Amino acid sequence: MKKAVKTQLFASKAPLEWAVIANGQLSTAQIPIDSEGKVVAGGIEAQARQTMENFKHTIEAAELTMADVTQVLIYVTARDYLAPFNQVYAEYFEPPYPNRAAIIVAGLAREEMLCEVVAYAAVPL
């Protein structure tokens, strides 16, 4: 059975949950929006930090820790954004790190978005 994770993140008007838990796994996708639902300004570093803060908040709202994260998929809109994203990302994890992939995309749902994260975490049964 699928259960939504209740967060304090901006309530999207789109038909989505910020995270769901099913079959012992949390699934989430996070974007660089603030508490008003606006994409943060300041370039890739600011957007990476907001995305990771939203991600961490969601993990904690599910009563998990970042150590429970098993896989992360990072989407950025330019190859040059990977290094600054990685610097921010590294602040949120310790070994053993989650499995990870980084993908360069032509664009994301909102034109001003430079990054997005999709992730999975193990949930104790």
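Model, not experiment: these values are computed from the prediction. (Residues numbered from 1 in each chain as written. Predicted model: local features only at pLDDT ≥ 70, side-chain atom pairs only at ≥ 80, totals over all residues. Heavy atoms only, no water.)

**Details of helix H1 (residues 43–61)**
Part 1 of the argument: Here H1 contains 19 residues, and its C-alpha end-to-end distance of 27 Å stays within 8% of the 27 Å for a straight helix at 1.5 Å per residue.
Part 2 of the argument: What H1 keeps buried is the set Ile44, Gln47, Ala48, Thr51, Met52, Asn54, Phe55, Thr58 and Ile59. All buried residues of H1 fall inside an arc of 160° around its axis, so they share one side.
Part 3 of the argument: The secondary structure elements touched by the buried residues of H1 are strand E2 (19–22), strand E3 (25–30), strand E4 (69–76), helix H2 (82–90) and strand E6 (115–122).
Part 4 of the argument: Remark: Glu63 follows H1 within two positions and exhibits a positive phi of approximately 60°. (Helix = DSSP H or I, 4+ residues; strand = E, 2+ residues; numbered from the N terminus. Expected span 1.5 Å × (residues − 1). Buried < 20%, exposed > 50% of the residue type's maximum accessible area, 1.4 Å probe, protein only. Arc of directions from axis to C-beta. Contact = heavy atoms within 4.5 Å.)

**Section: the sheet that holds E3**
Part 1 of the argument: The 6 strands are arranged E1-E2-E3-E6-E4-E5 in an open sheet whose pairing can be described as mixed. The outermost strands of the open sheet, each flanked by one partner alone, are strand E1 (3–4) and strand E5 (99–104).
Part 2 of the argument: By the bridge criterion, 4 bridges tie E2 to E3 in an arrangement that is antiparallel. Bridge pairing links Ala19 to Thr28 in E3.
Part 3 of the argument: Running over the sheet, H1 touches E2, E3, E4 and E6 and is turned about 25° from E6.
Part 4 of the argument: Seen against the sheet, H2 touches E4, E5 and E6 and runs at an angle of roughly 150° to E4. (Pairing = 2+ DSSP bridges. Axes fitted to C-alpha atoms, helices over the stretch in contact; angles between N-to-C directions.)

**Considering H2**
Part 1 of the argument: Taken residue by residue, H2 has Leu82, Pro84, Phe85, Val88 and Tyr89 as its buried positions. When H2 is viewed along its axis, its buried side chains cluster within an angular range of 165° and face the same direction.
Part 2 of the argument: Where H2 is buried, its residues contact H1, E4, E5 and E6.

Bear in mind that shape data such as this cannot, by itself, settle questions of function.
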